Amino acid sequence: MIENFHEIMALWDKHLLTMRTIEHLEMFSIALTISVIIGVSVGVIIYIRPGIASPVLNFLNILETIPDLALLVILLPLLRLGTGPTIAASVIYSILPIARNTYTGLKGVDSKYIYVAEAIGLSPRDILLKVRIPMSLPLIAGGIRIALVFTMGVVTLGGLVAAGGLGTVLQNGIQLYEKDAILLAGLWTGILAVILDLGAGRIEKKLYKRYGTWQPQK
Amino acid sequence: MPTQRLFERIDSIELQQVSKKYGSRYAVESLDLTIEGGELLILIGPSGSGKTTTLRMINRMIGPDTGSIRINGQDVMQLDPVRLRRNMGYVIQNIGLFPHMTIGENVGLVPKLEGWDEKRTNARVRHLLDFVSLPPERFIKRYPRQLSGGQQQRVGLARALVMDPPLLLMDEPFGALDPILRTQLQEEFLEIKKEIGRTIVFITHDIEEAFRLGDRIAIMDNARLVQVGAPEDLIFDPVNELVADIVDTKRKFKHMDTLNVKDLMTPLDAKYILNGGVDACDAVEIMKDREIEIGIVFEKGMLAGKVEMVNLLKCEDDRPFLRDIAKPMKVFALRDSVATALSEMKRSGEYVAMVMDGDTVGGMLVSDEVLLKLI
Amino acid sequence: MAATEMILNATWEHIVLVYTTLLASILVAVPLAFASLYSQRLASVVMSFANLVQAVPSFAVIAIVVPFLGIGFVPALIAIMLRALLPIIRNTYIGLTNVDPAQIDYANGIGLSEWQIQRYIRFPNAYPAMFAGIKFSAILANSIAVLTAFIGSGGLGEIIFQGLIGYNTEKLLLGAIPAIVLALLIDLSFTLLEKKLTPGYIKQ
Ligand SMILES: Nc1ncnc2c1ncn2[C@@H]1O[C@H](COP(=O)(O)OP(=O)(O)OP(=O)(O)O)[C@@H](O)[C@H]1O
Ligand SMILES: [Mg+2]
């Protein structure tokens, strides 16, 4: 298989891995940004309207069981081939963990902080924005970290529906049975995912240190 | 596969020069202690003094670094730990009932592992639940978390008794209960203790509990055994400040000098009175009927002395009359000081004495009862 | 009808692949979790590996398997297992270690052997978490099994890939919809099973 650094670099260039990585991260960033915006909003909405929390979360849970490739494929007739369905599918998977963690976090803030906030005269809106949300940040970050992993997974599948990214290299490699290319691209994709996950883990830990008063409530 | 019985009864448990170190600190140091078959020995002492460690070395949950522990002469380190533990009952604070098993399953677990059939296990479990005052119909199917603390503690006891072990190890079994419940369970336990008549090693932090339940009390401090003896030994002869502190000699007995025999005697129950003209063999029958171990013999209205059941059993040879074999006993007057009376009794090794009011009987002085009244 | 037959065949292949993988994963994961109880090193290796691989995209896992094992049913099975093992190991291990140590100590005290402690104390305590892990893995396996059609495992994914080649919408849906239905059925059946198997002490 791969023997030395120069061969690796040659292979890297041949398969345009720099470009593919940029494409990959581009899709990933767009998808994750949208997911965070929608996910946190859904979390806040079901916190404000607790009546709909359980049906919404149940519905999102069902979406989660759908095989990712199948979800991607049934979006094709609507969104055509390319980055559109890839990003949409990523977002659909990622809403649940973010929304769920946001909701749990907002609900779980220790009531003594709320009493204090009320006592110093904060409005309910201020309490949400200045107390509940900041104190839920570690948990929200945990949800985003799970979404990050989901998003990486789906974006990699994008290669199969002509969305570009690292999945394209994997797809070509497997179809042409080029073992070296498969191994290089596979490992690189894996390493990239692990690095991003570890980075997110550090941020999560920092937030816990900063806002670590949140206690899981059973 | 049923575990073979290691011992039907306990003759003695001998701990010789037993030490256990954690790091450089002794948890138990050079402990010498003999537990006699059939007694309830209390282990008491400050937190961290090594009580639990001592108890757990008896069932090999902890191996001693040096020294030996022999049950009926057999070194426990030579025995298979699982088998050894199956031959003992073990009760701990906070019970340790398994939350995922019903009460019936909890009590019946070891019989099941011992290969008992379901019918026998079930019968045994029901019997024991009855024994600890938990109607089996109501409790057998419940889960531990559906029981109150006191009820759980009872289940813990039933579970320890299930294999009818000759030895019970109890580590603060009533420690987590509130005082009222605790007293109630102690009362019940005293009844049970009479019935089961087995050897029990019992850890407590509560000296009242120790006095109420213990035949002998061993006081531990700082990994060492400080003193062991009957309650009155500890009260009257504490070897050091700590023991005096634990048994609280000062507080309890500061009035001793001012108390008279009259204040602490018990009325003479008619059942103890035997006639001097009865022969020894008949006396044995009478005493069995009346469930007494000791009798006070009167001859023509006059105190002749006392007889003890154990001494009468060999009556067949000559069937002596009680008046001829009654042993003299100490007699005190109503106004005698209790302190003097007790120390005289202790010196001659007697535990009952008569109290006379001139020529008529005033009552009995029973050393154990005096202590219980004082504490 | 040829289409119906094709779907039924593919569904059957799919089910076989999913459940074979699931069974193999349980057989590997559960003993590994038990073994991890006895070796702190094994436990930390297994758990950190589990956490790392969790982050790697399924497609990348499948790709990495190919250079070593080629394509076909077995490489697909291995690829799925690499992902499906982890939730089971992790949940089982957490369940096993979450038992109150006082209970284990007490079990020792009444003379339970090591094996009996596993059987009567640890396992029943770990079981609900373990089951949740298996359910999660079943759904994961079903999802990845669609993808492994790309390396020749057969199953419903194969219809999808045929559809992708010529961009045949009908074929895409004929593959995707049964795969989704299957996912929902797996989820439902495990939920029902879970309810049925919930031990009494949790129900009451
Ligand atoms: N596993 C262990 N590792 C280290 N030290 C221990 C261990 N077990 C007990 N010790 C120490 O040994 C000493 C005796 O402990 P032990 O549990 O026998 O005390 P105890 O008399 O039962 O106390 P308590 O009344 O609080 O239950 C204590 O200082 C304790 O900290
Ligand atoms: Mg202790």
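What you see is a predicted model; the values in this text were computed from it and never measured. (Residues numbered from 1 in each chain as written. Chains lettered and ligands numbered in written order. Predicted model: local features only at pLDDT ≥ 70, side-chain atom pairs only at ≥ 80, totals over all residues. Heavy atoms only, no water.)

Enquirer: Go over the site of ligand 1 with me, naming the residues and quoting the values.
Expert: Residues and elements named next belong to chain B. As a structural note, the neighbourhood of ligand 1 is formed by 13 residues, with S47, G48, K51, T52 and T53 the closest of them. Backbone polar atom of G50 to an oxygen atom of ligand 1: 2.9 Å apart, as the coordinates give it. Within the contact set of ligand 1, an oxygen atom lies 2.5 Å away from a side-chain nitrogen or oxygen of T53. Compared with its free state, where it exposes 640 Å², ligand 1 has 60% of that area covered by protein. Among the elements that line the shell around ligand 1, the one with the most residues is helix α1 (residues 51–58), at 3 residues. Grouping the amino acids of the shell around ligand 1 by side-chain chemistry returns 3 nonpolar, 7 polar and 3 charged. (Near = heavy atom within 4 Å. Polar contact = N/O pair within 3.5 Å; in protein donor to acceptor, adjacent residues only side chain to side chain. Areas by Shrake-Rupley, 256 points an atom, 1.4 Å probe, with all protein chains shown as cover. Helix = DSSP H or I, 4+ residues; strand = E, 2+ residues; numbered from the N terminus. Nonpolar A, V, L, I, M, F, W, Y, C, P; charged D, E, K, R; others polar.)

Enquirer: Summarise the arrangement of the chains; cite the residues concerned and give the values.
Expert: The structure contains 2 pairs of chains in contact, of which chains A and C account for the largest number of contacts. Spatially, chain A and chain B are disjoint, and the shortest separation between their C-alpha atoms is 17 Å. (Contact = heavy atoms within 4.5 Å.)

Enquirer: Lay out the interface of chain B and chain C with the relevant residues and their values.
Expert: In this complex, chain B contributes 23 residues to the contact, which on the side of chain C involves 19 residues. For the chain B and chain C pair, buried surface summed over both sides reaches about 2000 Å², with 60% attributable to carbon and sulfur atoms. Across the contact surface, chain B and chain C share 1 salt bridge. With a closest N to O distance of 2.6 Å, R56 of chain B and D105 of chain C form a salt bridge. Connecting chain B to chain C are 8 residue pairs in polar contact (both at pLDDT 80 or more). Every element with two or more residues in the side of chain B that touches chain C is listed here: α2 (81–86), β6 (88–92) and α3 (103–113) of chain B. If one sorts the elements of the side of chain B that touches chain C by residue count, α3 of chain B sits on top with 4 residues. For the side of chain B that touches chain C, a count of residues per class yields 13 nonpolar, 4 polar and 6 charged. (Buried area = accessible area lost by both parts, 1.4 Å probe. Salt bridge = Lys/Arg side-chain N within 4 Å of Asp/Glu carboxyl O.)

Enquirer: Let's hear about the environment of E204 of chain A: which residues, and what values?
Expert: Residues and elements named next belong to chain A. As for its position among the elements, E204 is in helix α9 (residues 179–210). When its relative accessible area of 16% is taken as the criterion, E204 is described as buried. Spatially, the C-alpha atoms of E204 and V91 are 21 Å apart, while their sequence positions differ by 113 residues. Every residue in contact with E204, bar those within four places of it in the chain, is listed here: P138, A141, G142 and R145. (Buried < 20%, exposed > 50% of the residue type's maximum accessible area, 1.4 Å probe, protein only.)

Enquirer: Now, about the environment of I98 of chain A: what can you tell me, with residues and values included?
Expert: All names here are of chain A. Here I98 lies in helix α5 (residues 83–108). Separated by 45 residues in sequence, I98 and G143 place their C-alpha atoms 4.4 Å apart. If we skip the residues at most four places from it in the chain, I98 touches S35, V36, G39, V40, G143, I144 and A147.

Enquirer: Run through empty space enclosed by the protein, naming residues and quoting values.
Expert: Across all of its chains, the model carries 2 cavities of 30 Å³ or more by this definition. Considered as a void within the structure, the largest cavity measures approximately 80 Å³ in volume. If you go around the largest cavity, the residues you meet are R85, R86, M88, G89, Y90, V110, R159, A160, V162, M163 and P165 of chain B together with I110 of chain C. Counting residues per element, the ones that place at least two in the lining of the largest cavity are α2, β6 and α6 (149–161) of chain B. (1 Å grid on protein atoms, 1.4 Å probe; cavity = no way out; pocket = protein on both sides within 12 Å on 5 of 7 lines; lining within 4 Å. Points joined across faces, edges and corners; volume = space filled by probe spheres on them.)

Enquirer: A description of a positive patch on the surface should follow, citing residues and the corresponding values.
Expert: All names here are of chain A. A contiguous patch of positive charge, built from R202, K205, K206 and K209, is present on the exposed surface. With respect to the secondary-structure elements, K205 resides in helix α9. On the basis of relative accessible area, K205 is assigned to the exposed category, the value being 63%. (Patch = residues over 30% accessible without salt bridge, like charges linked within 9 Å, V, L, I, M, F, W, Y side chains within 5 Å. Lys, Arg positive; Asp, Glu negative; His and termini not counted. Charge placed at Lys NZ, Arg CZ, Asp CG, Glu CD.)

Enquirer: I'd like a rundown of unusual backbone geometry, residues and numbers included.
Expert: Not every positive phi belongs to a glycine, and R80 of chain A is a case in point at roughly 65°. On the basis of relative accessible area, R80 of chain A is assigned to the exposed category, the value being 56%. Its identity as a non-glycine residue notwithstanding, D164 of chain B has a phi of 55°, on the positive side. Examined against the element boundaries, D164 of chain B turns out to sit in the loop between α6 and β7 (167–171). With a relative accessible area of 41%, D164 of chain B lands in the partly exposed category.

Enquirer: Could you give me a rundown of the sheet that holds strand β15 (residues 352–357) of chain B, with the residues and numbers involved?
Expert: The pairing of strands in a sheet happens through backbone hydrogen bonds and is either parallel or antiparallel. Residues and elements named next belong to chain B. Ordered by their spatial adjacency, 3 strands build an open sheet running β14-β15-β16, and the pairing between neighbours is mixed. Taken across any chain shown, the strands that pair with only one partner, and hence form the sheet edges, are β14 (331–333) and β16 (360–366). Adjacent strand axes in the sheet meet at a mean angle of 35°, parallel and antiparallel pairs treated alike. Pairing of β14 with β15, which is carried by 3 bridges, proceeds in the parallel orientation. What sits directly across from F332, in β15, is V355. Where helix α16 (residues 338–348) meets the sheet, it contacts β14, β15 and β16, and its direction lies at approximately 175° from that of β14. (Pairing = 2+ DSSP bridges. Axes fitted to C-alpha atoms, helices over the stretch in contact; angles between N-to-C directions.)

Enquirer: Any chance you could break down the layout of surface pockets for me, citing the residues and the numbers?
Expert: Roughly 650 Å³ of internal volume is contained in the second largest pocket. As for the second largest pocket, its lining consists of 24 residues, and the residues nearest its centre are M101, T102, G104, E105 and K112 of chain B. When residues of the lining of the second largest pocket are traced back to their parent elements, those giving at least two are α3 and α4 (118–131) of chain B together with α6 (114–147) of chain C. Split into classes, the residues belonging to the lining of the second largest pocket amount to 11 nonpolar, 6 polar and 7 charged.

Enquirer: Describe the pairing of β7 of chain B, listing the residues and the values that go with them.
Expert: Looking down a regular strand, the side chains alternate between one sheet face and the other. Residues and elements named next belong to chain B. Counting buried positions along β7 yields 5 of 5 residues, so the element is predominantly enclosed. Because side chains alternate across β7, one face comprises the buried residues L167, L169 and D171, and the other comprises L168 and M170, equally buried. Taken together, the 5 bridges between β6 and β7 define a ladder with parallel strand orientation. When the bridges of β7 are listed, M88 appears paired with L167. Across 5 bridges, β7 lies against strand β8 (residues 199–203) in parallel orientation. Bridging across to β8, L167 finds its partner in T199.

Enquirer: Explain the interface of chain A and chain C to me, using residue names and the numbers behind them.
Expert: Of the residues lining the interface, 37 residues belong to chain A; the matching set on chain C comes to 35 residues. On the chain A side of the interface with chain C, the three residues burying the most area are T65, P67 and I174 of chain A, jointly 18% of the side's total. On the surface where chain A and chain C come into contact, there are 0 salt bridges. Linking chain A with chain C are 2 residue pairs in polar contact (both at pLDDT 80 or more), by the criterion used here. Of all elements in the fold, only α3 (53–65), α4 (68–79), α7 (124–157), α8 (166–176) and α9 of chain A reach the threshold of two or more residues within the side of chain A that touches chain C. Considering every element that reaches the side of chain A that touches chain C, the biggest residue donor is α9 of chain A, with 10 residues. When grouped by side-chain class, the residues that make up the side of chain A that touches chain C number 24 nonpolar, 9 polar and 4 charged.

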